[in-house]
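Next come the chains, spelled out residue by residue.
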Amino acid sequence: MQIFRTVLGDVPAEESGRILTHEHLLYGYPGAELDHRTVFDHPAAVERVSDQIVTGMIPNGYNTLIDMTPAEVGRHPQFMVDVAKRTGINVVAITGFFPERMGVPYYWRRQTVEELTDFFVRDLTEGMVFAWQQTPYKAGAIKIATGQESVFPKPSPVGAYGRHVHEVEDRLIRAAGKAAMATGCGINTHIDPMDFEVTNPGREQLEILDEVGMDLSKVIIGHAFVPPQVNMMREVLKMGANVQLDHIGIPWRVGSAEELDEAMANALIELIEDGYLDRIVLSFDRWFFNPRATVTETDPQLENEKVNLNYMFTSWVPRLKAKGVTDEQLDQIMIHNPRRILSIAV
């Protein structure tokens, strides 16, 4: 039997509906939770996020959301539970950390591969820890992340084993692979588009997972289309992994949403024509609620929280259909592919 491990418990995979594979219900850069200016009213925030889901996800056939918020970027188990109860959707939490340059608290940088593996497994099988307390709410997938993104972004330097991967990130990826094999869960990843200038970051992540014996068909390379690097994606797909088309309606390192959407749509058509329809998933990478301080030049307000959830079907899907993508192909990408990759056999 295949299930999704949600924060409210295991549910049959066939009850997934359409699936958003990379979203953030509550998102704040590491340390934001300590700022007086980011204090928020929990019930009001749950209501705000739930209203967005009720009006933008449920009418469009989405019933499952993978909350890709890492442990140190605002992952809040009770918040996810409250949203899931209020809306009725399946919320799947992840275990894992942000790139070393932006996250991975000092405590975890000192841990061995074995200790990190145990942490991931316990998040997935016992429940996540929050504010020094054990919760009963389990994660259902693992996130790995690499990249040099910072206040002043630049490509990652050469790090562990000759790859553009930091030493701590290398340990975390190896631990993620071991934990995924122990639990049967899937892995979704974060890469930084800046790294396209110096390497294929998705390939490097997969090489490490392959070295520990991970089944790469259970891995999604996130942000692979931002902007589209079709030959790099082909390299990843030939290794047996999957690619995620995200930032729909959200310009990231690109001039406008229109420019990025059109480029991503054209790249998607190329990959479908290459025979990779069964290895692609779609998501926004939307921040449903981002409690934050004042907007400044070094801390700008990003576009991730501005896109309307209905944009998927008012703009993106019509764009694809105009290029010849069928309803059956869309179901494959929005339902069947993520269901296969992210469900767990029990």
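Above this text you will find the structure in question.
Only a predicted model underlies this, so the values are computations on that prediction, with no experimental measurement involved.

*Asks:* Would you mind showing me how to read the overall build of the chain here?
*Replies:* What the chain contains, in helices and strands, is ten helices and 13 strands. A compact globule built from 346 residues should have a C-alpha radius of gyration of about 20 Å, and the chain, at 18 Å, falls within 12% of that. Here the C-alpha coordinates of the chain stretch approximately 50 × 50 × 50 Å along the principal axes. By the burial criterion, 59% of the 346 residues in the chain qualify as buried. Intrachain contacts of the chain at a sequence separation of at least 6 include 77% that bridge at least 24 residues.

*Asks:* Sorry if this is basic, but what is going on with the pairing of strand 9 (residues 187-190) here?
*Replies:* Put simply, side chains in a regular strand alternate between the two faces of the sheet. Side-chain alternation along strand 9 places Ile187 and Thr189 on one buried face and Asn188 and His190 on a second face that is also buried. For strand 8 (residues 139-145) and strand 9, the ladder comprises four bridges, and the chain directions are parallel. The partner of Ala145 across the bridge, within strand 9, is His190. Taken together, the two bridges between strand 9 and strand 10 (residues 219-221) define a ladder with parallel strand orientation. Considered in strand 10, the bridge of Asn188 is made with Ile220. For the segment spanning strand 9, helix 6 (residues 201-211) and strand 10, crossover handedness is right-handed.

*Asks:* Can you walk me through empty space enclosed by the protein in this structure?
*Replies:* The gaps of empty space that remain are located by a probe, the size of a water molecule, rolled over the atoms. Under the criterion given, the structure shown has three cavities of 30 Å³ or more. If you add up the space inside the largest cavity, you get close to 60 Å³. Contributing to the lining of the largest cavity are Gly96, Phe97, Phe98, Phe120, Lys143, Ile144, Ala145, Glu169, Leu172, Ile173 and Ala176. Sorting the residues of the lining of the largest cavity by element identifies strand 8 and helix 5 (167-183) as the ones contributing at least two each. The element best represented in the lining of the largest cavity is helix 5, accounting for four residues. In terms of residue class, the lining of the largest cavity is built from eight nonpolar, one polar and two charged.

*Asks:* How should helix 1 (residues 42-56) be read in this particular structure?
*Replies:* Three or four residues apart is the spacing at which side chains of an α-helix point the same way, because the helix has 3.6 residues per turn. Counted at 1.5 Å a residue, the expected span for helix 1 with its 15 residues is 21 Å, and the 21 Å between its end C-alpha atoms agrees. For helix 1, the full list of buried residues reads Ala45, Val46, Val49, Ser50, Gln52, Ile53 and Gly56. Buried residues in helix 1, looked at end-on, bunch into an arc of 155 degrees, giving them a common side. Set apart from the buried face of helix 1 by more than 90 degrees, the exposed residues are Pro43 and Thr55. Among the structural elements, helix 2 (77-87) are those in contact with the buried residues of helix 1. Regarding helix 1, its N-cap is Asp41, as a side-chain oxygen of that residue lies 2.8 Å from the backbone nitrogen of Ala44 further along.

*Asks:* Help me out: how do you make sense of unusual backbone geometry in this one?
*Replies:* With the exception of glycine, most residues fall at negative phi, and the peptide bonds are largely trans. Cis geometry marks the peptide bond from Val226 to Pro227, where omega comes out at -20 degrees. Its place among the elements puts Pro227 in the loop between strand 10 and helix 7 (230-238). Positive phi values are uncommon outside glycine, yet Tyr161 reaches one of about 55 degrees. On the secondary structure map, Tyr161 appears in the loop between strand 8 and helix 5. For Arg253, which is not a glycine, the phi torsion comes out positive at approximately 60 degrees.

*Asks:* Just checking my understanding: could you explain the pattern of salt bridges for this structure?
*Replies:* For side chains of opposite charge, pairing can occur when their charged atoms come near one another. Counted under the stated rule, the structure contains 22 salt bridges. Between Glu258 and Arg319 there is a salt bridge, with the nearest N and O atoms lying 2.8 Å from each other. Linking Glu258 in helix 8 (residues 257-273) with Arg319 in helix 9 (residues 311-322), this pair joins segments that are 61 residues apart in sequence. According to the relative accessible area criterion, Arg319 is buried, its value standing at 13%. Among the charged side chains, a salt-bridge network with shared partners connects Arg163, Asp170, Arg174, Arg203, Glu207, Glu211 and Glu235.

*Asks:* Is there a simple way to explain the sheet that holds strand 11 (residues 242-245) in this structure?
*Replies:* As a general point, the strands of a sheet are linked pairwise by backbone hydrogen bonds and lie either parallel or antiparallel. The eight strands lie next to each other as 3-4-5-8-9-10-11-12, forming an open sheet whose pairing is parallel. Because the sheet does not close on itself, it has two edges, and the strands there are strand 3 (18-23) and strand 12 (280-282). Direction aside, neighbouring strands of the sheet carry axes that sit 30 degrees apart on average. Alignment of strand 4 (residues 62-67) against strand 5 (residues 90-96), held across four bridges, turns out to be parallel. Note that in strand 5 the partner of Ile66 across the bridge is Val92. Packing against the sheet, helix 10 (residues 327-342) makes contact with strand 3, strand 4, strand 8, strand 10, strand 11 and strand 12, and its axis sits at approximately 70 degrees to strand 3.

*Asks:* Just checking my understanding: could you explain the layout of surface pockets for this structure?
*Replies:* Taken as a whole, the largest pocket encloses approximately 1000 Å³ of empty space. Elements supplying a minimum of two residues to the lining of the largest pocket: helix 3 (106-109) and strand 6 (129-130). When its volume is computed, the second largest pocket comes out at roughly 870 Å³. What lines the second largest pocket is a set of 39 residues, and nearest its centre among them are Tyr29, Met102, Trp287, Asp299 and Leu302.

Calculation rules
- Residues numbered from 1 in each chain as written.
- Predicted model: local features only at pLDDT ≥ 70, side-chain atom pairs only at ≥ 80, totals over all residues.
- Heavy atoms only, no water.
- Helix = DSSP H or I, 4+ residues; strand = E, 2+ residues; numbered from the N terminus.
- Rg over C-alpha atoms; globule rule 2.2 N^0.38 Å.
- Buried < 20%, exposed > 50% of the residue type's maximum accessible area, 1.4 Å probe, protein only.
- Contact = heavy atoms within 4.5 Å.
- Pairing = 2+ DSSP bridges.
- Right-handed = clockwise from strand over helix to strand, strands pointing away.
- 1 Å grid on protein atoms, 1.4 Å probe; cavity = no way out; pocket = protein on both sides within 12 Å on 5 of 7 lines; lining within 4 Å.
- Points joined across faces, edges and corners; volume = space filled by probe spheres on them.
- Nonpolar A, V, L, I, M, F, W, Y, C, P; charged D, E, K, R; others polar.
- Expected span 1.5 Å × (residues − 1).
- Arc of directions from axis to C-beta.
- Polar contact = N/O pair within 3.5 Å; in protein donor to acceptor, adjacent residues only side chain to side chain.
- Salt bridge = Lys/Arg side-chain N within 4 Å of Asp/Glu carboxyl O.
- Axes fitted to C-alpha atoms, helices over the stretch in contact; angles between N-to-C directions.

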